[in-house]
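Examination of the molecular architecture
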Amino acid sequence: QVQLVESGGGLVQAGGTLTLSCAASGNIISINAMGWYRQAPGKQRELVATITSGGSTNYADSVKDRFTISRDSAKNTVFLQMNSLKPEDTAVYYCNADRIRTSTHWVYNYWGQGTQVTVSS
């Protein structure tokens, strides 16, 4: 069974840094794009950053120049380094994989359970 497990969330002061990790497991052969999304209380889930299997990246305007997404395809892991954090970055951050090929089937639009990031002012 495919799993996406996020880690690295926590409480940090404004201006601080956190790095999130998301490890995929479950007899995985390959993963297409992976990404990070976030959902603040009372708001819709929004895109933070994505990265394709080829390494092309895309960022929300609100995090450009502060956040960096990267991946280790050999370990089926995606990272999100978050610098210069702001209170408005407070949210639950979710990992997503849009297409996963396993040894037996394909899995589409798969989500992790989320990790809380809280930025205090």
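Structure shown above.
Just so you know, these numbers come straight off a predicted model, no measurement behind them. (Residues numbered from 1 in each chain as written. Predicted model: local features only at pLDDT ≥ 70, side-chain atom pairs only at ≥ 80, totals over all residues. Heavy atoms only, no water.)

1. Description of the overall build of the chain
Regarding its fold elements, the chain presents zero helices and twelve strands. For the chain, the sequential pattern of α-helices and β-strands runs β-β-β-β-β-β-β-β-β-β-β-β. Since a compact globule built from 121 residues should have a radius of gyration of about 14 Å, the 14 Å found for the chain is in line with a globular shape. In the chain, of all internal contacts separated by at least 6 residues, the share reaching a separation of at least 24 is 56%. (Helix = DSSP H or I, 4+ residues; strand = E, 2+ residues; numbered from the N terminus. Rg over C-alpha atoms; globule rule 2.2 N^0.38 Å. Contact = heavy atoms within 4.5 Å.)

2. Examining the sheet that holds strand β8 (residues 67-72)
Strand order in this open sheet of four strands is β1-β3-β9-β8, and the pairing throughout is antiparallel. Edge positions in the open sheet fall to β1 (3-7) and β8, since each of these has one partner strand only. Taking each pair of neighbouring strands and ignoring which way they run, the sheet shows an average axis angle of 15°. Pairing of β8 with strand β9 (residues 77-82) involves six bridges; the strand directions are antiparallel. Bridge pairing in β9 places Thr68 opposite Gln81. (Pairing = 2+ DSSP bridges. Axes fitted to C-alpha atoms, helices over the stretch in contact; angles between N-to-C directions.)

3. Remarks on the packing of aromatic side chains
Evaluation of the coordinates by the stated rule reveals two aromatic pairs. Measuring from ring centre to ring centre gives 6.5 Å for Trp106 and Tyr108, while their planes differ by 15°; the resulting arrangement is stacked. Given a relative accessible area of 42%, Trp106 falls into the partly exposed group. With relative accessibility at 54%, the residue Tyr108 sits in the exposed group. Over the ring of Tyr94 we find Arg45, and its NZ or CZ is 3.7 Å from the ring centre. (Phe/Tyr/Trp six-rings, centres within 6.5 Å; stacked < 30°, edge-to-face > 60°. Buried < 20%, exposed > 50% of the residue type's maximum accessible area, 1.4 Å probe, protein only. Lys NZ or Arg CZ within 6 Å of the ring centre and 35° of its normal.)

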